[in-house]
Structure formats: C-alpha cells, structure tokens
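Here is how the chains run, residue by residue.
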Amino acid sequence: MTETSEKKVGIISCSGEECVEGTISRVAARLVLGKLRSNETVTICLPLFLAGGREEREFARDYPTITVDGCDKMCAKVSTERYSGKPASSIVVTNLTKNLQCPKLSARRKLDNETMTVTRKVADRIAEEVDEVLRHWV
Amino acid sequence: MKSISSQHKKIIVIPCSGIGKAFGSISRDATYEVVENLRKDVTQTLCLALLVSGDQESLQLVRNNQVITVDGCPLQCAEKNVKLAGGNLAGSLRVVDAYKENRQLKPRGVTFLDNDGQQMALALAGKIANKVDDLLVEQ
C-alpha cells in the first residue's frame, strides 16, 4: 500500500473468480489505480481483511473506500462493512451493465474488445465516485 | 498423465487474485488454465471473496471437497482463508515457487499479464494439474 498521510481513497475490488463481472471489477479497479486516478487512490487486497491484514483494516477504517463488486452478492461491500466500516461508495458491475446496453460479455479469463469497452465505462464510473469522495473530504 | 475419471468429486482450486502485484494475476491466470483447460472435468474455482464474506454454500463446498490454494505472496491469503473456513485443504501452491524455477521470466503487468507473466502462469498451471492428479490417485 502507498503512503497514506495525504488524501487517498481505497479501492476494494471483489475480483470474483467465478464470473466475468468479477474480472471486470478487477480490471476496472486497476485502470483507476494505474491510469485514471493513480495519485488519489490505493488498493487493498480483499482477502487480506480476514488473513490478518491489520494495516488494511485500519486503512479502510480511517480512510474512505469505494467497493467494486461484480454481482449483487456484494462480497467486497459486505466484508468491508464487517471488518472496517461502511464504504463511502459502492459499485455493482451487474447493475451498471444493465444500464449500458451491453453486448454479450466475454469469457472470464480474457476480456474481448466489447467487454473492455464496458470495463472502461465501469472504470470511468469509479473515477467519478473518487472525485465525489474527494470533493466532500473534510 | 494418470487417467482421470469425471466420477470423482470436484477439486476446488482457489487463487488469491491479489490485485497489487503481477503474482496475484499469475495465480488467477494459472487457475483458469487448470479449470478451463488442463483439468476442466475434475476441477472448479470459487470466488475467494465469496468465501471470505461467509457465504454458506461456499463454506460447504470447501468443507466437502478437496481444495488447492494458489497464492501470489507470502501472506498466503487464499490458504489462510480456506483454513479459517474449516476447508479441506489438500494442497497449497505459491507463485514464488514457480518464479524460483523460472528465473529467466520477469513478469511485470498486473492489469494484463505480459508474455513472461503468461509463461509463468502456464508453468504454475502445470504444477497445479500435477497436484490434482496426485489427489485423484489418492482418492
């Protein structure tokens, strides 16, 4: 995790392995972390919450987080709430894809061009939420 | 390769899918290679996040089937979480072990694996498949 003495927003992706939406959540989160809002965001490995990641839990308690879930089981949101606190914002990929007039999504292992287009839109949405969180930072 | 019967219970392969470094992506890609290609009839994967969130169906799945975990870093989140869930942990592999055996490879990409990362994932997938075969023989 990067230096946290400044304003940072934690992005917590479910990265669900069983479905393509989990891959979309993961890649979209990476696009935000690496390109769209690289200076304003850090990520936290979700499984670390249970595996003894004290730093991760403390970060998510002390700093605002945005959870990105692939499906409506919302594992990232549920686990963040359980171990650290309510996320500042929560995004569910399947909710977004309903509204994006999506083509048939690709296989979960490798995203095709059309699914990457959807993924970039999810990343844009996460970036907007980051801006919103930072705008209301007190 | 030893003969494999699809009559066996499924072996669950769970990667850590760590999102911060290439090794997490390698654990994920290696798992997909096993469950979609190398041993697709006898294995399946499971969302680690779903298990972590306490989903009852996932808990039963890891308790009633043999589980192989694939971890990207020394924190071994996949292994630890399966143990915490009371899962039937039958094997634990680490990306770092594949790295030690393939030092010529220098994986870099995280969002998308580069060629070296994909090669390392394939090497690791072979090790996972071997472990699957060993478990099937024991069964």
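This text gives an overview of the structure that appears in the document. Numbering of residues begins from 1 in every chain and follows the order in which that chain's sequence is written. By the order in which they are written, chains take letters starting at A while ligands take numbers starting at 1. At least 70 in pLDDT is required for a residue's local features to be given in this predicted model, at least 80 for side-chain atom pairs to be given and counted, and no such filter applies to totals for whole chains, interfaces and linings, which use all residues.

### Details of the overall build of chain B
Helix and strand definitions here come from DSSP, where helices need a minimum of 4 consecutive H or I residues and strands a minimum of 2 consecutive E residues; each element is numbered from the N-terminal end. Secondary structure summary: chain B contains six helices and four strands in total. Traced from its N-terminal end to its C-terminal end, chain B shows the element sequence β-α-β-α-α-β-α-β-α-α. Expected size for 139 residues packed as a compact globule is a radius of gyration near 14 Å; at 14 Å, chain B falls within 12% of this value. Principal-axis analysis of the C-alpha atoms gives chain B an extent of 40 × 35 × 20 Å. As a rule, residues whose C-beta atom has 12 or fewer other C-beta atoms within 10 Å are exposed, those with 20 or more are buried, and those in between are partly exposed; C-beta atoms are placed from the backbone. In chain B, buried positions account for 50% of the 139 residues. Put simply, the radius of gyration uses C-alpha atoms, and a globule should come to 2.2 Å times the residue count raised to 0.38.

### Here we look at the sheet that holds strand E2 (residues 43–45) of chain B
Residue and element names in this part refer to chain B. Strands sit in the order E2-E1-E3-E4 across an open sheet of four strands; the sheet is parallel. Each of the sheet's edge strands pairs with one partner strand only, and the pair in question is E2 and strand E4 (88–94). When strand polarity is set aside, the average angle formed by the axes of neighbouring strands in this sheet is 25 degrees. In this sheet, strand E3 (residues 66–71) lies alongside strand E1 (residues 11–15) in parallel orientation, the contact comprising four bridges. Counted as the bridge partner of Val13 is Ile68 from E3. This entry defines residue contacts through backbone-placed C-beta atoms, with two residues in contact when those atoms are within 7 Å. Only C-alpha atoms enter the line fits that serve as axes; for helices the fit covers just the stretch in contact. Angles between N-to-C directions range over 0 to 180 degrees. Sitting on the sheet, helix H1 (residues 22–38) is in contact with E1, E2 and E3, with an inclination near 160 degrees to E1. Here helix H6 (residues 115–138) sits on the sheet and contacts E1, E2, E3 and E4; the angle it forms with E4, its principal contact strand, is near 155 degrees. DSSP bridges decide pairing: two strands pair if at least two such bridges lie between them.

### Side note on the interface of chain A and chain B
Each partner contributes to the interface: chain A provides 27 residues, whereas chain B provides 26 residues. Contributions of two or more residues to the side of chain A that touches chain B are made by helix H1 (20–36) and helix H3 (75–83) of chain A. Ranked by residues supplied to the side of chain A that touches chain B, first place goes to H1(A) with seven residues. Residue composition of the side of chain A that touches chain B, by class: 14 nonpolar, seven polar and six charged. Classification convention: Asp, Glu, Lys, Arg as charged; Ala, Val, Leu, Ile, Met, Phe, Trp, Tyr, Cys, Pro as nonpolar; all other residues, Gly among them, as polar.

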